[in-house]
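Residue-level listing of the chains:
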Amino acid sequence: MNKQYQHDDIPEANVLDLRARPSSAAAVEPKQKKARHVDFLSLVEDSEQAVAKKFRGFFHRTEKAEPEAPEPPVSPVKVAAKVLPPLKHEGGFQYAFGPAARFALVAILLTAGVIGARLIGNVQKAKGEVLGTSAQALQQLVAAGSAAQGLQFGTSKNELRAAHDAFVAAETQLVSVAGILKNIPGAGQVKRAQALLQAGQAITDAATKLAMSAEVLTTPSTTTPLLAVVEQFRTSLGPAVTDLDRAAILLQTVKAKDLPAEYQQAFADIQGQLPSLQFQFDRLQHLGTFLSTFLGADGTSHRYLFTFQNSNELRPTGGFLGSLAIVDVINGAITKVEVPSGGVYDISGQTAMRVVAPKPLQLIQANWNIQDANWFPDFATSAKKILQFYESAGSPAVDGVVAMTPAVLQSFLKLTGPVEVPEVGETFTAENLTLKLQEVIKDAEKVDYSKPKLVMGYLTPKILARALALPQEQLWQLLGTMQEHLISRDIQFYFSDAAQQQLTRDLGWAGELRNSSKDFLAINRANLGGGKTDGVIEEVDSHDVRIASDGTITDTLTIIRKHNGVRNARFIHDRNVVYIRAYVPLGSTFVNATGFEAIDVKRFKMPSSDRTPDPDVVRLEAGAIIDDTSGTRISTEAGHTVFGNWLSAGVGEVTKATITYTLPFTLNVGGLWAKTDTYSLLTQMQAGTRAGFSSTLHIPDAWQTSWQGSTASVFVPEGDGYRMSAIMDRDQYYGLAFKAK
């Protein structure tokens, strides 16, 4: 029996419909029940029928090519952190009403079909009345969905109420019909049809409550502060979740086999969508709790260390730590923002820590300090190291670390418009922010080298003040934009409070280095001495997976980087030098590597005599070996095998490197017991990057796929297998189930 999937296998993004395509050679055998929903969390059974049973109900049918949100595993509250499907969005705002409307639409259609199939003879008139009322509910729900899509929450609320009233009317009609049908065989379906209608009522009740609370944000005349809005949501979501739980209980009383065949799939769709809705509302509750604590809703003052990561100079958690800000928050208001005029170097010059840097960092600096502390791809690990350096400098204690890339401030500026900073005589926009900051800081160094980052002290409070003062009808757009940045790790959090940190992990905002029980890949880049050139580097990564007939799996990763800078142009003419680490499943076996660059050992710096080994680095580098042929460093970190090596490119140059390795597990398909097995890949993005990525899977001729699916926008049959392609602005996933032909 294969190892069971963990919840961490599924990324935040939605999962596409995983059913086999009609054109696929893998047809479902006639004797097997329809298995229209796939769960890649637990593809562990040896029999195909058991796999099909596990698949059913975890992913609902999609109406578009884009992915829908998956049903969560058994415990929504516990798993909300692990699989947090984004709400359907348009124009940056995340909507919870689309799925609610779709569920209710299908519910009323299904109920109408059940009644239409059962009402006979003397009940034709009653049937017509029920169906007529159902049609009215249907129209109201369609209108509600359209209103919600257009941010017309007042209209949406009214339409949802009308839909609810129509459901109640349909139920009333059904009760009268039940009296007529009490002596007719098969009338038990009436009771179950009533349960369906009541479930529809519960769903529209939940959506209506959310729509009513949304008015706080969207009424232009209101002056309700953000914290009050958060509390309003948190208060209203409790009853909404109760409504969804009630709907789930009602649906448990309905058996698909009692429904007409033509409606059984629709019922399965409902069962697949309801857990997704429960998941989304549960996520919003977590969000409300997080924001209330983060903003000091209970009157507790919090101090956070904000770190600004320049993604034009990539480092493992998103970028070089050039600037810091200490921010005080209480009762939902920012009371103080302090930015060291010398940036991070004000701290590094006072730190009492005297430790040796990790070996690759020694190319530029052997004496480790706070500006290079974000060396670990796992943000919590890097944040703890940042705080060690920060606190050793005698700095005031903070409650957590918040890391941001320039993309976040750029999004703020898109909403606020240009922000003038008269202290430096510049106006900053979303378009010129990154380059303008680099120019101002560089010019300031010529005047007073001790205060190059003073511009951040002027600019940051102004942007935050403008953002918090946005008209309240734009707050939805702001929150939607922020969620996109959280998904792409442009914002990452770490908290010293264990409960708040766990909640952050549950929401998927802790910047964790993830793991998977099957295949996994995280490509991590650290610009070491390559200037601020990563913004002009174009990267395309390809991942080739070949499954041999005996089930062994060999992966080949190809990395191609092109330097699109301009000679003699400021900031983008330097040679780009990166140390690349590929994090793969623990126990993977290195085969070979090509195309990497050997760095002369004489170029590496020597640490000062007063420097001692850092315990975390000692553990990180323990047991590392170097491949003599390629120079690849092979090590273990955070539950992964890691392959590390160097690449560099000058202006106009293209570099290409490959790493080949075998996975620590094999697949077992076919044989005497006709076993089935699965393969999946979870690939994790690096904050501050947007590389192109594709993974091609090659399958043995004697196998066929029975299920397949992916979070990526492109996932298609190709040659002897499948290909997944995506821009890595978020984590991606694909998986397949196999059986013998």
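In what follows, the structure referred to is the one given above.
The following paragraphs examine the structure supplied in this document.

What counts and what doesn't
Starting from 1, residues in each chain are numbered consecutively following that chain's sequence as written. Residue-level local features of this predicted model are given only where pLDDT is at least 70; pairs of side-chain atoms are given and counted only at 80 or more, and the full residue set underlies all totals for whole chains, interfaces and linings. Neither water nor hydrogens contribute to the side-chain values; these are computed over all heavy atoms in the structure. The working definition used for a salt bridge is a side-chain nitrogen of Lys or Arg within 4 Å of a carboxyl oxygen of Asp or Glu. Each helix corresponds to a stretch of at least 4 residues labelled H or I by DSSP, and each strand to a stretch of at least 2 residues labelled E; elements are numbered beginning at the N terminus. A 1.4 Å probe rolled over the protein chains alone gives each residue an accessible area, and that area as a share of the maximum for its type sets the label: buried under 20%, exposed over 50%, partly exposed in between. A helix's residues, less one, multiplied by 1.5 Å, set its expected span. Note on contacts: a residue pair qualifies if any of its non-hydrogen atoms lie within 4.5 Å across the two residues. When DSSP finds at least two bridges between two strands, those strands are taken to pair. For this analysis, a nonpolar core means a set of buried residues of the types Ala, Val, Leu, Ile, Met, Phe, Trp, Tyr and Cys, connected via side-chain atoms within 4.5 Å.

1. Thoughts on the pattern of salt bridges
Applying the stated rule across the entire model yields 29 salt bridges. The salt bridge involving Arg246 is made with Asp243; its shortest N-O contact spans 3.5 Å. Here the residue Arg246 and the residue Asp243 both occupy positions in helix H7 (residues 226-252), the gap between them amounting to three residues, near one helical turn. For Arg246, a relative accessible area of 36% translates into the label partly exposed. Three or more residues are tied together by salt bridges with common partners; here these are Arg525, Asp534, Glu539, Asp541 and Arg561.

2. Remarks on helix H12 (residues 433-447)
Compared with an ideal rise of 1.5 Å per residue, which puts 15 residues at 21 Å, H12 spans 21 Å between its outermost C-alpha atoms and is within 8% of the ideal. Buried residues of H12: Leu433, Thr434, Lys436, Leu437, Gln438, Val440 and Ile441, and no others. For H12, the elements touching its buried residues are strand E3 (302-310), helix H11 (406-416), strand E10 (426-428) and helix H13 (454-468).

3. Comments concerning the pairing of strand E11 (residues 491-495)
The side chains of a regular strand alternate between both faces of the sheet. For E11, the tally of buried residues reaches five of five residues, placing the bulk of the element in the interior. The alternating pattern of E11 places Ile491, Phe493 and Phe495 and Gln492 and Tyr494 on opposite faces, both of which are buried. Two strands pair when backbone bridges link them, and strand E8 (residues 400-404) and E11 are joined in this way by five bridges, in the antiparallel orientation. By the bridge assignment, Val402 is partnered in E11 with Phe493.

4. A few points about the nonpolar core
Core analysis: the largest hydrophobic core is formed by 41 residues, its most contacted members being Phe294, Phe306 and Phe493. Ranked by residue count, the leading element in this core is H13, at six residues. The next biggest cluster of nonpolar side chains, apart from the first, holds 40 residues, and it includes Val584, Phe590, Tyr661 and Phe693.

5. So, the sheet that holds strand E17 (residues 625-626)
Strand pairs in the sheet, formed through backbone hydrogen bonds, run parallel or antiparallel to each other. An order of E17-E18-E19-E15-E12-E21-E26-E23 is seen for the eight strands of this open sheet, with the pairing classed as mixed. Each edge of the sheet is formed by a strand with only one pairing partner; in this case those strands are E17 and strand E23 (703-710). Alignment of strand E21 (residues 677-684) against strand E26 (residues 732-740), held across seven bridges, turns out to be antiparallel. Bridge assignment links Thr678 to a residue of E26, and that residue is Ala737.

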